[in-house]
There are 2 protein chains.
Amino acid sequence: MARPQLSDEAAAYVRELVLTGQLRAGEFVRVERVAEELEMSVTPVREGLLALRGEGFLELAPRRGFVVAELTEDDVRDLFWVQARLAGELAARATAHLTAEQVKELEALQTSITTALERGDLDEVERCNHAFHRTINLAARSPKLAWFLRASTRYVPNRFYHRIGGWPDASRHDHTEVLAAILAGDPDQVRRAMEEHITHAGQLLVEHADLPVAATGGD
Amino acid sequence: MARPQLSDEAAAYVRELVLTGQLRAGEFVRVERVAEELEMSVTPVREGLLALRGEGFLELAPRRGFVVAELTEDDVRDLFWVQARLAGELAARATAHLTAEQVKELEALQTSITTALERGDLDEVERCNHAFHRTINLAARSPKLAWFLRASTRYVPNRFYHRIGGWPDASRHDHTEVLAAILAGDPDQVRRAMEEHITHAGQLLVEHADLPVAATGGD
DNA sequence: ATAGAATATATTATGCATCATGGCTAGTGC
DNA sequence: GCACTAGCCATGATGCATAATATATTCTAT
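Residues numbered from 1 in each chain as written. Chains lettered and ligands numbered in written order. Predicted model: local features only at pLDDT ≥ 70, side-chain atom pairs only at ≥ 80, totals over all residues. Heavy atoms only, no water.

Participant: When you look at the overall build of chain A in this model, what are you seeing that I'm missing?
Facilitator: Within chain A one finds nine helices and three strands. Along chain A, helices and strands appear, N-terminal first, in the series α-β-α-α-β-β-α-α-α-α-α-α. Its C-alpha atoms give chain A a radius of gyration of 19 Å, within 12% of the compact-globule value 17 Å for 219 residues. Taken over the C-alpha atoms alone, chain A extends approximately 55 × 40 × 35 Å along its principal axes. Across the 219 residues in chain A, those meeting the buried criterion constitute 48%. Looking at chain A alone, contacts between residues at least 24 apart form 75% of all its contacts between residues at least 6 apart. In the form shown here, chain A has an accessible surface area of approximately 11,300 Å², with 49% of it arising from carbon and sulfur atoms. Here chain A contributes 25 positive and 35 negative side-chain charges, whose respective centroids are spaced 5 Å apart. (Helix = DSSP H or I, 4+ residues; strand = E, 2+ residues; numbered from the N terminus. Rg over C-alpha atoms; globule rule 2.2 N^0.38 Å. Buried < 20%, exposed > 50% of the residue type's maximum accessible area, 1.4 Å probe, protein only. Contact = heavy atoms within 4.5 Å. Areas by Shrake-Rupley, 256 points an atom, 1.4 Å probe, with all protein chains shown as cover. Lys, Arg positive; Asp, Glu negative; His and termini not counted. Charge placed at Lys NZ, Arg CZ, Asp CG, Glu CD.)

Here's what the structure looks like:
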């Protein structure tokens, strides 16, 4: 799976530039420049940028170029509001579908997270974290909800949580709550636990991200 | 607004083909064929299809082409679940922001819908319907939530409601409930009214759309 | 005569068409 | 049933026309 699609590579590259603030709101993304940086031609870059427009990261000014979209603190709060609702619903639905084996896997992942934390292996923590949520979200068997969830999580920079002190520990605690609710077999309790988990993450991200407070004007 | 962007035209064309069932799940969308039909070259078509992949309508089999994605009855139910939550939240948020003038506009639109219904002018009904929701959604001042809402409504075929007997009348009734809640200034009541409204629409669409009941298997 | 505005020109980048390459598949022969 | 071949089609590289903006030049008014 070296480079399945150049346009995906271009999209991922620019998305990360936007999320890490290396490209600021209002700036133009020059197709040719990106093409040079990634050593590809302009066609796949343009395709990738159009995909990013579809994701809400860029706006397209016809015959002018792609502009980085505004992303305010309120926007991030709203994104996590969506993410919390969706992750909560998916987790609630998953409760009835999770097999005993899958529950065991979740417990194993939770153990791995704890030991990895003690070793200070944050990459491993993130991997297990991801697997934990993925297992739950797949078990819900609701691909469209999962699609919307992914759309909302795209706004979280890769490896963002690494840079937030105390987050992995808080996450480990939240997962314990989710697991307990799953073991209790109570979908509503699972939903609440997962919603709180995501909400915590959102609060941390807003505190650490240093975003513009309000939009500039009315479009 | 003749042809703002050929890729948008291609995306809209194929999206409608998928939604109206002229392209069935699993079928390949041949780039060159679409290009011929729209009398454009393959580049903008491919760009449009990549956008549709981002919207969840198509899947991309690398080096094979674009395949129409599965859309089951459960998927549509989930899409309307999302739509109802988002429209409800937006309406609740709008309640505090709506000016007296905007409320008057909503009432005027509601009146227009009623008279247009009596004339049997379904196009006008749809126009006012759209304006009604748009006014509320803009007043909520939550662009990201609005983005997700739009993503969920893209799955509703254009002019779909025209073909459903009794829908315009039911819609008129639901709007009355929403308006009453807005006039009462009660966000929670507004949310409930709007969620019910969308849920009704979803039920009607599922009943009339004749979709596959379940997904074929595990991807 | 100079400052400012308006027009003409030059430059830049988009957007689309065309072309070259190579992967995937089906069809043929053994 | 398997290997090989031929053709189709996705993918992306390149070239060109057009639109938009920046720059320079000219004209006008004070």
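That covers the picture; the talk isn't over yet.
Participant: Quick question: what am I supposed to make of the protein's contact with DNA strand D here?
Facilitator: Close to DNA strand D lie 17 residues, the nearest being L6(A), S41(A), R30(B), R46(B) and R63(B). Each atom of DNA strand D within 4 Å of the protein was assigned to sugar, phosphate or base; sugar and phosphate come to 82%. In the environment of DNA strand D, a phosphate oxygen lies 2.8 Å from a nitrogen or oxygen atom belonging to the side chain of R30(B). Contact between DNA strand D and R63(B): a phosphate oxygen at 2.9 Å from a main-chain N or O atom of the residue. The element that contributes the greatest number of residues to the surface near DNA strand D is helix α3 (residues 42-55) of chain A, accounting for three residues. In terms of residue class, the surface near DNA strand D is made up of seven nonpolar, four polar and six charged. (Near = heavy atom within 4 Å. Polar contact = N/O pair within 3.5 Å; in protein donor to acceptor, adjacent residues only side chain to side chain. Nonpolar A, V, L, I, M, F, W, Y, C, P; charged D, E, K, R; others polar.)

Participant: How do you make sense of the nonpolar core when you look at a structure like this?
Facilitator: As a rule of thumb, soluble globular proteins bury nonpolar side chains together. One finds V29(A), L58(A), I136(A), V29(B), L58(B) and I136(B) to be the most contacted residues of the largest nonpolar core, which totals 133 residues. The greatest single-element share of this core, amounting to 11 residues, is contributed by helix α4 (residues 73-97) of chain A. (Core = buried A, V, L, I, M, F, W, Y, C linked by side-chain atoms within 4.5 Å.)

Participant: Would you mind going over the packing of helix α8 (residues 167-184) of chain A against helix α9 (residues 187-209) of chain A with me for this structure?
Facilitator: How two helices sit against one another is set out by the angle between their axes and by the gap between those axes. Residues and elements named next belong to chain A. Where α8 meets α9, the closest approach of the two axes is 8 Å, and the angle between their N-to-C directions is 170 degrees. Classified by the interaxial angle, the pair formed by α8 and α9 is roughly antiparallel. Touching W167, S171, D174, H175, E177, V178, A181, I182 and A184 of α8 are Q189, V190, A193, M194, E196, H197, H200, A201 and L204, all from α9. Tallied by class, residues from the contact of α8 with α9 come to 10 nonpolar, five polar and three charged. (Axes fitted to C-alpha atoms, helices over the stretch in contact; angles between N-to-C directions. Parallel < 35°, antiparallel > 145°, perpendicular 65-115°, else oblique.)

Participant: It is not clear to me how unusual backbone geometry should be interpreted in this structure. Could you clarify?
Facilitator: The phi angle of most residues is negative, glycine excepted, and most peptide bonds adopt the trans form. A positive phi angle is found at R63(A), which is not glycine, with a value near 65 degrees. Inspection of the secondary structure puts R63(A) in the loop between β2 (58-61) and β3 (65-68). Even without being glycine, R141(B) reaches a positive phi, approximately 55 degrees. Within the element layout of this structure, R141(B) appears in the loop between α6 (122-139) and α7 (143-153). Residue classification places R141(B) among the exposed positions, given a relative accessible area of 60%.

Participant: Is there a simple way to think about the pattern of salt bridges in this case?
Facilitator: For the structure shown, the criterion picks out 28 salt bridges over all chains. D169(B) is the partner of R172(B) in a salt bridge, and the nearest nitrogen-oxygen pair spans 3.4 Å. On the criterion of helical spacing, the pair formed by R172(B) and D169(B) is a turn pair, its members being three residues apart in helix α8 (residues 167-184). Looking at D169(B), the relative accessible area reads 42%, which means it is partly exposed. Counted as one network, the salt bridges with shared partners bring together D78(A), E89(B), R93(B), D188(B) and R191(B). (Salt bridge = Lys/Arg side-chain N within 4 Å of Asp/Glu carboxyl O.)

Participant: Even after reading the chapter, I still don't get the side chain of H197(A), so can you show me in this structure?
Facilitator: Residues and elements named next belong to chain A. On the secondary structure map, H197 appears in helix α9. The class of H197 is buried, set by a relative accessible area of 3%. Of the polar contacts made by the side chain of H197, one reaches the side chain of H175; its length is 3.2 Å. When sequence neighbours within four positions are dropped, the list of residues in contact with H197 reads H133, W167, S171, D174 and H175.

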